[in-house]
Amino acid sequence: MNVNIMNVDYSTKIPNNVNLGEDRQVLKALEGWHPGYMDWWSDMGPEGFQQSLVYLRTAYSVDPRGWAKFDYVKMPDYRWGILLAPQEENRVIPFGEHYGEPAWQEVPGEHRAMLRRLIVIQGDTEPASVEQQRHLGKTAPSLYDLRNLFQVNVEEGRHLWAMVYLLQKYFGRDGREEADELLRRRSGDADSPRMLGAFNEATPDWLSFFMFTYFTDRDGKMQLHSLAQSGFDPLSRTCRFMLTEEAHHMFVGETGITRVVQRTCEAMRAAGIGDPTEIAKVRALGVIDLPTIQKKLNLHYTLSLDLFGSEVSTNAANAFNAGIKGRYHETQIRDDHRLQNATYPVLKLVNGEIKQVDEPALTALNMRLRDDYTQDCVKGLLRWNKVISTAGFDYKLTLPNVAFHRAIGEFKDIHATPEGVLIDDATWNKRKDDWLPSTDDGDFIASLMTPVTETGQFASWIAPPKVGIDNKPGDFEYVKIET
Ligand code: BYC
């Protein structure tokens with residue numbers, strides 16, 4: 001591998017490894033977009049803390065062995081840049097009608113609209129999550145967590161840059177217009193919302209933040225993996241590098257939930273509580289009871305399932321046929337990579353019952369990706385349940401049935417219990433607070449969200465992490481707060 005290709009050029013205003021210095025037109029377009037981005041960051045990025053020094057990791061190379069450097073940075077000075085994984089020599093399109101043909105270095109004209117739409121949707125989620133999380137700094141349970149929040153935020157900002165680069169370099173004037181629109185839409189705005197459902201929901205507290213980074217960022221992982229297979233090579237390379245950053249976001253979610261569960265179990269043991277469903281007693285200890293954690297999990301998992309689109313989708317089939325969006329780990333799958341005659345089992349509503357039906361594999365690609373996602377989600381649940389059982393409690397966190405609480409796809413018009421039993425509207429209305437966070441649950445969690453800003457200290461409801469970021473000691477000052 002050529003090391004020069006991997007190292008990032010910091011000589012232009014926009015750090016990059018795509019030779020922007022010699023691509024005057026795109027550099028100019030990006031420099032033109034930059035002030036609008038900075039305005040957006042100052043209006044919609046983390047509230048407060050913009051003058052604080054944050055111990056952040058910045059990418060300085062795309063070499064997987066050592067791509068990041070840690071240092072104190074003020075967030076507005078973070079070097080957002082354009083970073084693509086190195087070009088693979090002789091890469092071919094790994095699926096669809098163009099299977100085996102050389103990967104495209106330019107946008108294939110016939111698939112231009114579809115490609116642009118997928119890039120815009122991906123791009124739209126990145127700033128949306130920053131907007132959803134902007135107020136969380138005020139209630140961080142520790143400096144360690146505060147730093148992780150900001151790391152996630154600056155990287156989502158960089159992922160927006162990544163998509164904007166593709167739009168501006170490869171899609172001419174309409175690409176530039178889409179890039180501007182990405183800064184105009186706002187999460188949850190009545191007139192100009194973000195494009196996908198989950199990105200217009202509130203992230204009201206830190207438990208939601210951890211659930212979001214576990215479940216919703218994991219949708220991001222699956223979608224990025226599928227786009228990393230794309231026959232459009234610049235998109236593939238962009239997504240491959242984004243995935244290296246994404247891993248930390250899911251780490252934040254997984255370990256965050258582990259630490260909440262651990263703290264709850266420790267507190268219950270210390271107080272001699274044997275039954276985790278004695279909610280009032282557990283809450284009196286200043287920790288979040290396991291049934292409420294389960295409700296938050298139900299909410300964020302199902303919102304994230306909706307992000308996969310309909311189970312049966314011609315959009316998905318077209319994108320696959322065109323060689324634009326592949327399957328998770330496409331190149332490792334042993335089949336013809338065209339799926340002309342294959343079928344895939346899909347859960348559908350048939351005569352008022354949830355039934356498994358074989359559908360053409362091509363139109364069932366969203367379902368397949370969603371199944372891969374669910375398998376990936378289970379790993380965290382095993383870890384959290386291990387913490388609970390090791391502490392001696394008989395309680396298990398579970399993933400709800402895919403028919404439960406859905407707004408997209410087969411089950412959007414019916415109600416089901418988390419176990420997948422179909423129920424009528426009246427039963428749903430009566431029971432939904434047993435399964436999803438209620439106003440009371442929200443108020444209780446909000447009551448715990450008092451900020452902790454002393455080094456090495458943690459809020460009552462969360463255990464400290466096992467190790468620090470960049471191997472720093474427990475009392476490390478991850479954020480030097482300036483107001
Ligand atoms: N909300 O054919 P269908 C991330 C629309 S997260 C609202 O079933 P398709 C991140 C759909 O657009 C990953 N609308 O869907 C995480 C279509 O409309 P049109 C983001 C929805 O196209 C955390 C119609 O319904 N990346 O990176 O097969 C922090 C029929 O849809 C929704 C991507 O999603 C919804 N949930 O699949 C930061 C990758 N679902 O066109 C970042 C790019 C569907 O008929 N996107 N609709 O008007 C895609 O691959 C696909 O567009 C989707 C939908 C998977 C989203």
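Here the structure is shown first, and the text comes after it.
Report follows, based on the coordinates. Quick caveat, the model's predicted, so the values are computed rather than measured.

## As for the site of the ligand
Next, step 1: Around the ligand, the structure places 29 residues, and the nearest of them are Arg-117, Gln-122, Ser-310, Ser-313 and Lys-325.
Next, step 2: Within the contact set of the ligand, a nitrogen atom lies 3.1 Å away from a backbone nitrogen or oxygen of Gly-197.
Next, step 3: Asn-366 is positioned such that a nitrogen or oxygen atom in its side chain is 2.9 Å from an oxygen atom of the ligand.
Next, step 4: In isolation the ligand exposes 1100 Å². Once the protein is present, 80% of that is buried.
Next, step 5: Counting residues per element, the ones that place at least two in the shell around the ligand are helix H3 (112–132), helix H6 (206–228) and helix H10 (314–321).
Next, step 6: Ranked by residue count, the leading element in the shell around the ligand is H3, at seven residues.

## Brief notes about the side chain of Lys-295
Next, step 1: For Lys-295, the position within the fold is in helix H9 (residues 290–305).
Next, step 2: The exposure class of Lys-295 is buried, given its relative accessible area of 12%.
Next, step 3: Apart from residues no more than four positions distant in its own chain, Lys-295 is found in contact with Asp-433, Asp-434, Trp-435, Leu-436, Pro-437 and Asp-441.

## Concerning the packing of aromatic side chains
Next, step 1: Under the criterion given, the structure shown has 30 aromatic pairs.
Next, step 2: Seen in terms of ring centroids, Tyr-37 and Trp-161 are 5.4 Å apart; in terms of plane orientation they differ by 65°. Their pairing is edge-to-face. Note that Tyr-37 is positioned in helix H2 (residues 24–44) and Trp-161 in helix H4 (residues 143–170), a separation of 124 residues in sequence.
Next, step 3: Its relative accessible area of 0% is what places Tyr-37 among the buried residues.
Next, step 4: Given the relative accessible area of 1%, Trp-161 is considered buried.
Next, step 5: Put simply, the rings of Trp-33, Tyr-37, Trp-40, Trp-41, Tyr-78, Trp-80 and Trp-161 touch in pairs and so form one group of aromatic residues.
Next, step 6: The cationic tip of Lys-169 hangs over the ring face of Tyr-170; the distance from NZ or CZ to the ring centre is 5.5 Å.

## Comments concerning the sheet that holds strand E1 (residues 53–59)
Next, step 1: An order of E2-E1-E7 is seen for the three strands of this open sheet, with the pairing classed as antiparallel. Taken across any chain shown, the strands that pair with only one partner, and hence form the sheet edges, are strand E2 (68–74) and strand E7 (479–480).
Next, step 2: Note that E1 and E2 share seven bridges and pair antiparallel. Paired with Tyr-55 across the two strands is Tyr-72, which belongs to E2.
Next, step 3: Contacting E1, E2 and E7, H4 runs over the sheet at an angle of about 40° to E1.

## Here we look at the environment of Val-252
Next, step 1: For Val-252, the location among the structural elements is in helix H7 (residues 233–270).
Next, step 2: On a C-alpha basis, the gap between Val-252 and Val-152 in space is 8.7 Å, while along the polypeptide they are 100 residues apart.
Next, step 3: Residue contacts for Val-252: discarding those within four places in its chain leaves Asn-148, Val-152, Phe-209, Phe-210 and Thr-213.

## Brief notes about helix H13 (residues 439–448)
Next, step 1: When we look at burial in H13, the residues that qualify are Asp-441, Phe-444, Ile-445 and Leu-448. Looking straight down H13, one finds that the buried residues subtend no more than 95° of arc, so they occupy a single side.
Next, step 2: Summarising the contacts, the buried residues of H13 are in contact with H6, helix H8 (279–283), H9 and helix H12 (425–435).

## What about unusual backbone geometry?
Next, step 1: Although it is not a glycine, Phe-49 sits at a positive phi angle of roughly 65°.
Next, step 2: Structurally, the position occupied by Phe-49 is in the loop between H2 and E1.
Next, step 3: Phe-49 gets classed as buried once you look at its relative accessible area, which sits at 15%.
Next, step 4: Positioned with a positive phi, His-337 is a non-glycine residue whose angle comes to about 60°.
Next, step 5: With respect to the helices, strands and loops of the structure, His-337 is situated in the loop between H10 and strand E3 (343–350).
Next, step 6: The class for His-337 is buried, based on a relative accessible area of 8%.

## Description of H10
Next, step 1: Here H10 has its buried residues at Ala-316, Ala-317, Ala-319, Phe-320 and Asn-321.
Next, step 2: The opening residue of H10, the one whose side-chain oxygen lies 3.3 Å from the backbone nitrogen of Asn-315, is Ser-313.
Next, step 3: Just past H10, the residue Gly-323 takes up positive phi, approximately 80°.

The rules we used
Residues numbered from 1 in each chain as written. Predicted model: local features only at pLDDT ≥ 70, side-chain atom pairs only at ≥ 80, totals over all residues. Heavy atoms only, no water. Near = heavy atom within 4 Å. Polar contact = N/O pair within 3.5 Å; in protein donor to acceptor, adjacent residues only side chain to side chain. Areas by Shrake-Rupley, 256 points an atom, 1.4 Å probe, with all protein chains shown as cover. Helix = DSSP H or I, 4+ residues; strand = E, 2+ residues; numbered from the N terminus. Buried < 20%, exposed > 50% of the residue type's maximum accessible area, 1.4 Å probe, protein only. Contact = heavy atoms within 4.5 Å. Phe/Tyr/Trp six-rings, centres within 6.5 Å; stacked < 30°, edge-to-face > 60°. Lys NZ or Arg CZ within 6 Å of the ring centre and 35° of its normal. Pairing = 2+ DSSP bridges. Axes fitted to C-alpha atoms, helices over the stretch in contact; angles between N-to-C directions. Arc of directions from axis to C-beta.

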